[in-house]
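Breakdown of the fold
Letter by letter, the chains look like this.
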Amino acid sequence: MAIEGADIIKAAAFLGAGLAMGIGAIGPGVGEGMAAAKACEAIGKNPKEAGLLTRTMLVGQAVSESTGIYSLVIALLLLFVV
Amino acid sequence: MSYDVKTWIDVAAFLGAGLSMGLGAIGTAVGIGYTGARATAAMSRNPEMSSEIFKTMLVGQAIAETAAIFALVVAMMLLFIKSPDLSYIRIAVLIGSGLCMGFGAIGSGVGGGFPAGEACTGIARQPANTKRLNTTMLVGSSICQTPAIFALVTALILLFSDFSGHPLSPTWAAVLGAGLACGIAAIGPGFGDGLVAGACCEAVARQPSAATIATTTMLLGMAVTETTAIYGLLISFILMFKTFPTTDALAPAMALLGAGLCMGIGAIGPGIGEGLAAYSAVGQVGKNQDNSAELIRVMLVGQAVSESTGIYSLVIALILIFVV
């Protein structure tokens, strides 16, 4: 079976998309979990500030999420644009 | 020099058996070592309880061992079960099955060690609490093993399904992807579950009156932590049971392999992160149970955000399977 250049490029793009999203999901997953863990600890120590702490946690997690979204964008580009 | 299919199938079976047992031994060894270290420290703190601590250590280590025993069973099956199916797909099936169980045992093995270690420490601190601690440890470390059980189920389905009627390409990539998806996806949740169960044992030891609410929080936290392992199982079931049209091109096969890798690796981070969130929540609930409602709420919100990258991985994997 003859494999053409275009086929190899598509194959590499698919594999690359999978790896980009897969490996890109590790960091944000762990990082957002750490933010949530510290927020729980802080609320446990100071329950009165729960609202402020939850807000801060969510903002921190949203920033931490950005690299996950970059991975998603790159994966979608590899799948549909390249 | 050319070899027949039978030789390659034997090669794949031996390779798969080696990968299964080799990778599968990593996690359990670390977990059991952690338990042993904690038990030793606990005995030096409270030598009078050493026989109780020793018993708890052995029970906890036995449960942490299950993941490695699964890997041993799969390795034995790969070595000794000869299938009449002599197609080239069988080569990918055998390697996929070994990889699945090998990777799948890592997380649960490490995770299973945490509750047992904390239970030993707790018995030294609060001898009156021994029974309660043993129960909590048993519940926690058993749930830790579920990701390894998912991997075992996938490995066994791969071994005993008949793929000989399917087209070689892209089925070879689908079965390899199925093994990788479920196996690698089990690492994070297995480890995360262990953290949560360990925190619960610590909380029960510290504050026996909080045992009920701490256990509830633990179960809730573990259930959410487990979700990415379930995504991995879902993707591997789709890859195993969907029939794909024959193709000569490389791209459709790589899309299926990519889907498996994407979901597998993508589940590691959220699994560990959600475990960390639940670990802290359970610890705080143990210290101050009046706050438990607020803490459980924040834990679930935090875990949901942490889950998002796992969901992205699931979406990309589904696109790779069904759209492109």
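Quick look at the structure, then. On a predicted model such as this, the values are computed, not experimentally measured, just so you know.

In terms of regular secondary structure, chain A is built from 3 helices and 0 strands. Taken from the N to the C terminus, the helices and strands of chain A come in the order α-α-α. For a compact globule of 82 residues, the expected C-alpha radius of gyration is about 12 Å, and chain A comes in at 19 Å, more than 25% above that figure. Dimensions of chain A, computed from the C-alpha atoms along their principal axes, are close to 70 × 20 × 10 Å. Here chain A holds 82 residues, and the buried ones make up 46% of them. Of the contacts formed within chain A by residues at least 6 apart in sequence, a portion of 79% connects residues at least 24 apart.

Moving on: the environment of Val11(B). All names here are of chain B. When you line up the elements, Val 11 lands in helix H1 (residues 5-45). The class for Val 11 is partly exposed, based on 14 C-beta atoms found within 10 Å. Separated by 87 residues in the primary sequence, Val 11 and Gly 98 have C-alpha atoms spaced 12 Å apart.

Opposite the 48 residues of chain B that make contact, chain A presents 43 residues. Secondary-structure elements contributing two or more residues to the side of chain B that touches chain A are helix H9 (251-266), helix H10 (268-287) and helix H11 (292-322) of chain B. No other element matches H11(B), which puts 17 residues into the side of chain B that touches chain A. Considered class by class, the residues forming the side of chain B that touches chain A number 27 nonpolar, 17 polar and 4 charged.

In this section: the packing of helix H6 (residues 168-185) of chain B against H9(B). All names here are of chain B. Their axes nearest at 7 Å, the elements H6 and H9 cross at an angle of 5 degrees. The angle between H6 and H9 places the two elements in the roughly parallel class. Split by residue class, the contact of H6 with H9 holds 19 nonpolar, 5 polar and no charged.

Parameters and conventions
- Residues numbered from 1 in each chain as written.
- Chains lettered and ligands numbered in written order.
- Predicted model: local features only at pLDDT ≥ 70, side-chain atom pairs only at ≥ 80, totals over all residues.
- Helix = DSSP H or I, 4+ residues; strand = E, 2+ residues; numbered from the N terminus.
- Rg over C-alpha atoms; globule rule 2.2 N^0.38 Å.
- Buried ≥ 20, exposed ≤ 12 C-beta atoms within 10 Å, placed from the backbone.
- Contact = placed C-beta atoms within 7 Å.
- Nonpolar A, V, L, I, M, F, W, Y, C, P; charged D, E, K, R; others polar.
- Axes fitted to C-alpha atoms, helices over the stretch in contact; angles between N-to-C directions.
- Parallel < 35°, antiparallel > 145°, perpendicular 65-115°, else oblique.

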